[in-house]
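One-letter residues, chain by chain:
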Amino acid sequence: MIYLDNAATSWPKPECVYEAVNRAMREWGGNPGRSGHKMSLAAGKVLEETRLLLARLFNADNPERIIFTLNATEAINLGLKGILQPGDHLVTGSMEHNSVSRPVEALKEMGITVTKVKTSPLTGINPVDVENAIQENTRMVVLNHASNVTGTLNPIAEIGDICRRHGVVFLVDAAQTAGIVPIDVQKMNISLLAFPGHKGLFGPQGVGGLYIAEDLCLNPLKQGGTGSESKSLLQPLFSPDRYESGTPNMPGIAGLGAGVRFILEQGIDRIRHKEHLLMTKLLSGLHNISRIIVFGPDTPEKRAAVVSIQIKGMDSLEAAMILDQAFEIAVRAGLHCAPDAHRTLGTLENGTIRISLSYYNSEEEIDILLQAVAAIAGQS
Amino acid sequence: MRPLDRYSRQTIFQEIGEEGQLKLLQSKVAVIGMGALGTVIANNLCRAGVGYLRLVDRDYVELSNLQRQTLYNEQDAADQMPKAVAAVKHLEKINSEIQIEAVLKDVNSGNVESILDGMDLVVDGTDNLETRLLINDACLKNNIPWVHGAALAGSGLTMNIIPGQTPCLRCLHPELPAPGSHPTCSTAGVLGMITGIIGCLESTEAIKILIGSPRINRKLCVVNIWYNQFTYLDIEQNPRCLACVEHKFEYLNSVKGSYTVSLCGRDSIQVIPAKAGDIDFQTMAEKLKNLGTVKYNPFTLNFSASNSNLEITLFQDGRAIIKNVKDDQTAKSAYAEYIGL
Ligand SMILES: [Zn+2]
């Protein structure tokens, strides 16, 4: 099986990730930060190490500002609902995933007004348009770092600068870039960075996180036990306890920690370079096949490791099924949970075939994929 | 009139008698599937005075059902009545002294045990082997006897499965056949007479089992009314049968069985049969050509039904995308109907 659905869940993982998940259950099996015994302490250590590694990866000064969630979706929900109040105004783009679009739609019901800035599938959102959309009551800008459909990168640093100047909270959905494209929350002026554990960061499914800038205090999505200030019936005010109620996903967090350590050891530039090579080969190969429409930017520099295509006159779902069953190639087809993006692209009817790469893919695999796509496009 | 008088022709029959009749009146029977077999069975059991009938089906009456599904009429089809509801409506007028319950559900591994809960006997009116093997598991596990029956074209078969006493259905079918490898009622047709005969045989056996008759059929009865054959075959228990010997209920525990996946975006559902097949598109196209438009290339076979907007894209390994269906069960039924499960 050639696995090219890494934008959904990366596979395979570095060996150290499997080991860490195993050890988390066998050796570090206690409840972190709750009891004083060795098992609990061992789990607590892994938890804090993972925070530290993530802080290093995203250049966050204080690891305690990294909090763990179920996935990026939960992190985005916390970022949005923890800040926005009725009467606030929110700016977002037209190429967002449902993890942003749906909570935003729900917030409208609560009296939050929203401006959706038209986003170019080729160049991303225009910073000037974002700045023009900011009003007196604008509290937040929320954008993806890269589209999960076309891979198009948004100019995050420029928009971060605009947000800083206007005193607006900047929430970034890094679902397609964390671990793949360098992110510096300080240089990029990111106030909230939502990331999944199971994609570019190589962790298991069921863990993600949110970086929360030092000056922000959010309303938590839930309240409960934190192992701290236990006498009080009020949720602690300090991070991470304020946002991490209940026992965390320790095997997931341990695996995520191992994945981030792997990325730091390999170097994110090396990872990005490898994916550039593969993407260049893929894009030029696709352009040489007739009947293929490629969406998004032409150059790998302008995109994450994701590309969407259509085969003219062919159902995307069917093409993906053929790749799976006749060629043993896993890709994803359909709307990729991002109807807004497909509305922008004009692909709401047929969806697209999405090919998403990882550090573990090879040039030979890209060759096999290109041959398969050519065979399907030639047959149907 | 004495309470049993309405059954006098049956109680005078010595093998049943008043004692047998009283047993029937106290019995609870589930009929799974209210198509051609199920309507015949339910009609017989209702008239015979089985005290409680649970009729299970989620389909709606269509005009093309009337050729063989004997309880329904044109008005039911026009009203798009659920089969189980239409059946209860008609049967209540035939025998108001028994209880009849309509269950508008498709049987699956999650609900089969609750559907069969409290039943003394189950009678098979289903149209696919996978559901039958699920019923087989559930009945063996809960020690409920069941009567299996099936019909296709001009032939049919039936056998009784009594836990602890007879071989089971899985003794006969240790594994599911490959998808698309066998005909279905839609592709091969079925005569209303054979479903009538098999349904009558099944309901006779049902009554024998309920009253504890020593004359219960312990063989596999195979009938072909077009080629004039009526045969009783000996069947043996498979000494390694996973279901009745080892009590490993793979269908009930969903290790086996086909499943479905909704595809992001449209009214399309992928059906993944329990077993991967190697479908010959030419043969399949031949089977489907009278039912709609068929096209195929080396990778896929596309079928559009002529009587609805249903579309099926079939892949060589047996997986299929079913288009223009609302839910998983409809997709699975369409697969069972046209490709075969
Ligand atoms: Zn058996």
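Some details on the domain arrangement of chain A
All names here are of chain A. On domain assignment, one finds that chain A holds domain 1 (2–10 + 268–379) and domain 2 (15–266). Between domain 1 and domain 2, the C-alpha centre-to-centre distance is 27 Å. If you look at the interface, domain 1 gives 36 residues, while domain 2 gives 32 residues. For the pair domain 1 and domain 2, the two sides together bury roughly 2,800 Å², of which 57% comes from carbon and sulfur. It is Ile-268, Asp-340 and Thr-344 that lose the most area in domain 1 upon contact with domain 2, and together they represent 21% of the buried surface on that side. Counting across the interface, domain 1 meets domain 2 through one salt bridge. Note that Asp-340 and Lys-116 form a salt bridge whose closest N and O atoms lie 2.6 Å from each other. Counting the contacts that link domain 1 with domain 2 gives 17 residue pairs in polar contact (both at pLDDT 80 or more).

Concerning the coordination of the zinc ion
All names here are of chain B. Here the zinc ion is held by the protein donor atoms Cys-168 (SG), Cys-171 (SG), Cys-241 (SG) and Cys-244 (SG), which lie 2.2 to 2.3 Å from it. Taken together, the four donor atoms surrounding the zinc ion define angles of 97 to 124° at the centre, an arrangement classified as tetrahedral. Expressed as a motif, the donor residue spacing for the zinc ion is C-x2-C-x69-C-x2-C. Each of the two residues, Cys-241 as well as Cys-244, counts as buried.

Describing the side chain of Arg-132 of chain B
Residue and element names in this part refer to chain B. As for its position among the elements, Arg-132 is in helix α7 (residues 129–141). Assessed through its relative accessible area of 7%, Arg-132 is described here as buried. Polar contacts involving the side chain of Arg-132 include one to the side chain of Asp-124, which spans 2.7 Å. Polar side-chain contacts of Arg-132 include one of 3.2 Å to the backbone oxygen of Gly-149. Apart from the residues lying within four places of it in its own chain, the contact partners of Arg-132 are Asp-124, Thr-126, Asp-127, Trp-146, His-148, Gly-149, Ala-150 and Leu-169.

Some remarks on the environment of Asn-288 of chain A
Residues and elements named next belong to chain A. Assignment of secondary structure puts Asn-288 in the loop between α8 (268–287) and β9 (292–295). Linking Asn-288 and Leu-370, residues 82 residues apart in sequence, is a C-alpha distance of 9.5 Å. For Asn-288, the side chain forms a polar contact with the main-chain oxygen of Ser-284, separated by 3.3 Å.

Some remarks on the pattern of salt bridges
All names here are of chain A. A full pass over the atoms with the stated rule returns 33 salt bridges over all chains. Glu-27 is the salt-bridge partner of Arg-23, the closest N and O atoms lying 2.9 Å from each other. Given the relative accessible area of 38%, Arg-23 is considered partly exposed. Glu-27 sits in the partly exposed class, given a relative accessible area of 39%.

So, the pairing of strand β4 (residues 113–117) of chain A
Residue and element names in this part refer to chain A. Direction of pairing for strand β3 (residues 89–93) relative to β4: parallel, over a ladder of five bridges. Each residue of the ladder has a partner; that of Thr-92, found in β4, is Lys-116. With respect to chirality, the unit in which β3 leads through helix α4 (residues 98–109) into the neighbouring parallel β4 is right-handed.

With respect to the packing of helix α9 (residues 316–327) of chain A against helix α11 (residues 363–379) of chain A
Packed helices, taken two at a time, are described by their axes: the angle between them and the distance between them. Residue and element names in this part refer to chain A. Orientation of α9 relative to α11, taken along the N-to-C sense of each, is 120°, at an axis distance of 11 Å. The pairing of α9 with α11 is recorded here as oblique in orientation. Crossing of α9 over α11 shows right-handed handedness. Taking contact as the criterion, the partners of Ala-319, Ile-322, Leu-323 and Phe-327 in α9 are, on α11, Leu-369, Ala-372, Val-373, Ala-375 and Ile-376. Residue composition of the contact of α9 with α11, grouped by class: nine nonpolar, no polar and no charged.

Scoring rules and cut-offs
- Residues numbered from 1 in each chain as written.
- Chains lettered and ligands numbered in written order.
- Predicted model: local features only at pLDDT ≥ 70, side-chain atom pairs only at ≥ 80, totals over all residues.
- Heavy atoms only, no water.
- Domains from an automatic or database assignment.
- Contact = heavy atoms within 4.5 Å.
- Buried area = accessible area lost by both parts, 1.4 Å probe.
- Salt bridge = Lys/Arg side-chain N within 4 Å of Asp/Glu carboxyl O.
- Polar contact = N/O pair within 3.5 Å; in protein donor to acceptor, adjacent residues only side chain to side chain.
- Donors = N, O, S within 2.8 Å, 3.2 Å for Na, K, Ca; no water.
- Tetrahedral: all angles 85-135°; square planar, octahedral: opposite > 155°, others 65-115°.
- Buried < 20%, exposed > 50% of the residue type's maximum accessible area, 1.4 Å probe, protein only.
- Helix = DSSP H or I, 4+ residues; strand = E, 2+ residues; numbered from the N terminus.
- Pairing = 2+ DSSP bridges.
- Right-handed = clockwise from strand over helix to strand, strands pointing away.
- Axes fitted to C-alpha atoms, helices over the stretch in contact; angles between N-to-C directions.
- Parallel < 35°, antiparallel > 145°, perpendicular 65-115°, else oblique.
- Left-handed = near helix turned anticlockwise from the far one by under 90°.
- Nonpolar A, V, L, I, M, F, W, Y, C, P; charged D, E, K, R; others polar.

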